Amino acid sequence: MPKLKTNRGAAKRFKRTATGKFKRAQSHHNHILTKKSSKRKRNLRPLAMVKASDGPRLNRLLPYA
């Protein structure tokens, strides 16, 4: 069976946790930060978990993660 290719775009955006789930960064925290309140920016800092329904799709994109 041939080797599988990792989707490099997904590899930069998602990381697998020890339990096999995926974590991701929050959106809206890259630019135009001046008009966003400190509270809003602070709440965007922590990583979020990927929905369980998207797990199989990420398993295909990241076979060796």
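Scroll up to find the structure.
Every value quoted in this text rests on a predicted model; they were computed, and no experiment measured them.

S.K.: Is there a simple way to think about the pattern of salt bridges in this case?
M.R.: Using the criterion set out here, one finds 1 salt bridge in the structure. Taking the shortest distance from any N to any O, the salt bridge between Asp54 and Arg57 comes out at 3.0 Å. Residue classification places Asp54 among the partly exposed positions, given a relative accessible area of 27%.

S.K.: Looking at this structure, how should I read the nonpolar core?
M.R.: It is characteristic of soluble globular proteins that their nonpolar side chains tend to be buried jointly. Ala10, Ala11, Phe22, Val50, Leu58 and Leu62 form the largest nonpolar core, which has 6 residues in total. Contact partners of Ala11, with chain neighbours within four places excluded, come to Thr6 and Leu62.

S.K.: How do you make sense of a nonpolar patch on the surface when you look at a structure like this?
M.R.: Together, Met1, Leu4 and Tyr64 make up an exposed nonpolar region whose accessible area comes to about 450 Å². Inspection of the secondary structure puts Tyr64 in the segment after helix H3 (55–61).

S.K.: Could you clarify how one ought to interpret the environment of Pro46 in this entry?
M.R.: Mapping Pro46 onto the fold places it in the loop between helix H2 (38–43) and strand E3 (48–49). Judged by relative accessible area, which is 46%, Pro46 ranks as partly exposed.

S.K.: Any chance you could explain the side chain of Lys36 here in plain terms?
M.R.: Examined against the element boundaries, Lys36 turns out to sit in the loop between strand E2 (22–24) and H2. No salt bridge is formed by the buried Lys36, whose closest oppositely charged neighbour, Asp54, lies at an N-O distance of 21 Å. From its side chain, Lys36 meets the backbone oxygen of His28 in a polar contact 2.8 Å long. Leaving out residues up to four positions away in the same chain, Lys36 has contacts with His28, His31 and Lys41.

S.K.: Is there a simple way to think about a positive patch on the surface in this case?
M.R.: A surface patch of positive charge is lined by Arg8, Lys12, Arg13, Lys15 and Lys23. Residue contributions to the positive patch peak at 3 residues, all from helix H1 (residues 8–13). Residue placement: Lys12 occurs in helix H1.

What counts, and where the lines are drawn
Residues numbered from 1 in each chain as written. Predicted model: local features only at pLDDT ≥ 70, side-chain atom pairs only at ≥ 80, totals over all residues. Heavy atoms only, no water. Salt bridge = Lys/Arg side-chain N within 4 Å of Asp/Glu carboxyl O. Buried < 20%, exposed > 50% of the residue type's maximum accessible area, 1.4 Å probe, protein only. Core = buried A, V, L, I, M, F, W, Y, C linked by side-chain atoms within 4.5 Å. Contact = heavy atoms within 4.5 Å. Patch = residues over 30% accessible without salt bridge, like charges linked within 9 Å, V, L, I, M, F, W, Y side chains within 5 Å. Areas by Shrake-Rupley, 256 points an atom, 1.4 Å probe, with all protein chains shown as cover. Helix = DSSP H or I, 4+ residues; strand = E, 2+ residues; numbered from the N terminus. Lys, Arg positive; Asp, Glu negative; His and termini not counted. Polar contact = N/O pair within 3.5 Å; in protein donor to acceptor, adjacent residues only side chain to side chain. Charge placed at Lys NZ, Arg CZ, Asp CG, Glu CD.

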